[in-house]
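Structural description and commentary
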Amino acid sequence: MTDDDRPHRLSRPLYERELLRLQVELVKLQEWVRAERRRLVVVFEGRDAAGKGGAIQRVVQRLNPRVVRIAALPVPTERERTQWYFQRYVGQLPAAGEIVLFDRSWYNRAGVEHVMGFCTDEEYARFLRQGPVFERLLVEDGILLRKYWFSVSDTVQEQRFRDRLADPTRRWKLSAMDLESITRWEAYSRAKDEMFAHTDIPEAPWYVVESDDKRSARINMIAHLLSTVPYRDIPMPAIDLPPRPPSTGYQRPPRDRQTRVPDRAAELAR
């Protein structure tokens, strides 16, 4: 990546101002999806520590969890391993008026499963054939499908791993599989190139998000998503708060009859 290709570093005030503006637009998108009974699927893929999770959290931060759902599937069960590969992902697809964000998706087979030897060569080849067919069927059925690949450099990835090691609130994000991604960098690169060659199709193209700078990646990804969906502002019904009726004599029971949470905040303020 050349210096011209690197994302611009945003100051925090500028980032937060633009993020809020985009999140307002995401609310409009949500209401359009619900009112028009559309179905939207957004796939988030990329290397470990590329910033997928942070981007997803900024997308859903101000949205209705009854409309927008994150699908982050665990390792398949023994029963699921005997199913058609795409079967368990089909069950996560949205119904009318819903949005589903896949935090990793069926592309596990083209990435970690292939590189780590968790699937056979025959299963891998079958995925590369069936993946485009599967996605064309989704699009043909009316699902809006968007696929984002978060691209991070090896130096930034390693630094993020080190940051996770030093942060007890993020240590859980660092797994043995993540460490393997350091020693298998080129293998994952080849797998990604092969995946793109087979699945970057006109009906469901891949969109690459440069994510060495997380703030820029989040802004760029959300802005692009909004630009690809023909949503419109759905007028919200007018709401008037009713007047509070006069008291009928109710009195709250004494507080000492209830088990209260200790006032830790008051202790800190002293």
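Residues numbered from 1 in each chain as written. Predicted model: local features only at pLDDT ≥ 70, side-chain atom pairs only at ≥ 80, totals over all residues. Heavy atoms only, no water.

Concerning the overall build of the protein
Secondary structure summary: the protein contains 11 helices and five strands in total. Counting only C-alpha atoms, the protein reaches 75 × 50 × 45 Å along its principal axes. Expressed as a percentage of its 270 residues, the buried residues of the protein come to 41%. When the accessible area of the protein is evaluated, it comes to approximately 16600 Å², of which 51% is carbon and sulfur surface. (Helix = DSSP H or I, 4+ residues; strand = E, 2+ residues; numbered from the N terminus. Buried < 20%, exposed > 50% of the residue type's maximum accessible area, 1.4 Å probe, protein only. Areas by Shrake-Rupley, 256 points an atom, 1.4 Å probe, with all protein chains shown as cover.)

Some words on the sheet that holds strand β2 (residues 68-71)
Here five strands make up an open sheet; going across it, the order is β2-β3-β1-β4-β5 and the pairing parallel. The open sheet terminates on both sides in strands that have one partner only, identified here as β2 and β5 (206-210). The average angle at which neighbouring strand axes cross in this sheet is 20°, direction not considered. Two strands pair when backbone bridges link them, and strand β4 (residues 144-151) and β5 are joined in this way by five bridges, in the parallel orientation. Across the sheet, the residue bridging to Lys147 is Trp206, located in β5. Each of β1 (39-46), β2, β3 (98-103) and β4 touches helix α2 (residues 52-60); the most contacted strand, β1, lies at about 155° to it. (Pairing = 2+ DSSP bridges. Axes fitted to C-alpha atoms, helices over the stretch in contact; angles between N-to-C directions. Contact = heavy atoms within 4.5 Å.)

Concerning the packing of helix α7 (residues 154-166) against helix α8 (residues 176-183)
Put simply, α7 and α8 touch, their axes get as near as 11 Å, and they point 150° apart. Considering their axes alone, α7 and α8 lie roughly antiparallel with respect to each other. Remark: the crossing between α7 and α8 carries left-handed chirality. Two secondary-structure elements touch here, α7 through Gln157, Phe161 and Arg164 and α8 through Asp178, Ser181 and Ile182. (Parallel < 35°, antiparallel > 145°, perpendicular 65-115°, else oblique. Left-handed = near helix turned anticlockwise from the far one by under 90°.)

Structural notes on the packing of aromatic side chains
Counting across every chain of the model gives 20 aromatic pairs. Where Phe44 meets Tyr148, the ring centres are 6.5 Å apart and the plane angle is 40°; that geometry is what we call tilted. Here Phe44 is found in strand β1, whereas its partner Tyr148 is found in strand β4, with 104 residues between them in sequence. Assessed through its relative accessible area of 1%, Tyr148 is described here as buried. (Phe/Tyr/Trp six-rings, centres within 6.5 Å; stacked < 30°, edge-to-face > 60°.)

A closer look at the UniProt feature "domain: Polyphosphate kinase-2-related" (unreviewed entry) in the protein
Following the UniProt record, one finds the feature "domain: Polyphosphate kinase-2-related" (unreviewed entry) at residues 10-234. Across residues 10-234, helical content stands at 52% and strand content at 14%; the span's end C-alpha atoms are separated by 31 Å. (UniProt positions renumbered as here; feature names shortened; annotations may be inferred.)

A few points about the environment of Arg58
Within the secondary structure, Arg58 is located in helix α2. Looking at Arg58, the relative accessible area reads 26%, which means it is partly exposed. What Arg58 contacts, discounting residues up to four positions off in sequence, is Tyr15, Leu19, Gln23, Leu26, Arg218 and Ile222.

A short note on empty space enclosed by the protein
Applying the stated criterion across every chain yields a total of one cavity of 30 Å³ or more. Roughly 40 Å³ of internal volume is contained in the largest cavity. As for the largest cavity, its lining consists of Leu26, Leu29, Leu40, Val42, Val59, Leu63, Val68, Ile99, Leu101 and Leu225. Going through the elements one at a time, α1 (12-36), β1 and β3 are the ones with two or more residues in the lining of the largest cavity. For the lining of the largest cavity, a count of residues per class yields 10 nonpolar, no polar and no charged. (1 Å grid on protein atoms, 1.4 Å probe; cavity = no way out; pocket = protein on both sides within 12 Å on 5 of 7 lines; lining within 4 Å. Points joined across faces, edges and corners; volume = space filled by probe spheres on them. Nonpolar A, V, L, I, M, F, W, Y, C, P; charged D, E, K, R; others polar.)

Section: the pattern of salt bridges
The full count for this structure, using the stated rule, is 21 salt bridges. For Glu45, the salt bridge identified is with Arg104, shortest N-O distance 3.4 Å. Taken together, the residues Glu45 in strand β1 and Arg104 in the loop between β3 and α5 (112-116) connect sequence positions 59 residues apart. A salt bridge links Glu80 to Arg88; its shortest N-O distance comes to 3.6 Å. Looking at Glu80, the relative accessible area reads 25%, which means it is partly exposed. The exposure class of Arg88 is buried, given its relative accessible area of 14%. (Salt bridge = Lys/Arg side-chain N within 4 Å of Asp/Glu carboxyl O.)

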